[in-house]
Amino acid sequence: MKLKIYGKLNCISGKRMLKQNRVFFCTEAEAIKNGFRPCGHCMRSDYKKWKNGLV
């Protein structure tokens, strides 16, 4: 199952992800366009904005 989460390259949560499940984007806008959401660990404020927009 792919969770479709984007985050920073130095994120501990992202580093635990299986290498075959990693996808890289040039911009944050490109990740959002492809249906990815911000990481709740390394991008906490962006994640809260995203979550509040959906709830």
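Heads up: the structure comes first, above all this text.
Note that this is a predicted model, so its numbers are computed, not measured.

### What about the nonpolar core?
Of all hydrophobic cores here, the largest spans seven residues; its members are Tyr6, Cys11, Ala31, Phe36, Cys39, Cys42 and Met43. Excluding its chain neighbours within four sequence positions, the residues that come into contact with cysteine 42 are Gly7, Lys8 and Cys11.

### Let's talk about the layout of surface pockets
Roughly 650 Å³ of volume is contained in the largest pocket. Contributing to the lining of the largest pocket are 25 residues, with Ile5, Tyr6, Gly7, Met17 and Val23 lying nearest its centre. When residues in the lining of the largest pocket are grouped by element, the largest group, three residues, is from helix H1 (residues 12–16). Per-class residue counts for the lining of the largest pocket are 14 nonpolar, five polar and six charged.

Reading guide: rules and limits
- Residues numbered from 1 in each chain as written.
- Predicted model: local features only at pLDDT ≥ 70, side-chain atom pairs only at ≥ 80, totals over all residues.
- Heavy atoms only, no water.
- Core = buried A, V, L, I, M, F, W, Y, C linked by side-chain atoms within 4.5 Å.
- Buried < 20%, exposed > 50% of the residue type's maximum accessible area, 1.4 Å probe, protein only.
- Contact = heavy atoms within 4.5 Å.
- 1 Å grid on protein atoms, 1.4 Å probe; cavity = no way out; pocket = protein on both sides within 12 Å on 5 of 7 lines; lining within 4 Å.
- Points joined across faces, edges and corners; volume = space filled by probe spheres on them.
- Helix = DSSP H or I, 4+ residues; strand = E, 2+ residues; numbered from the N terminus.
- Nonpolar A, V, L, I, M, F, W, Y, C, P; charged D, E, K, R; others polar.

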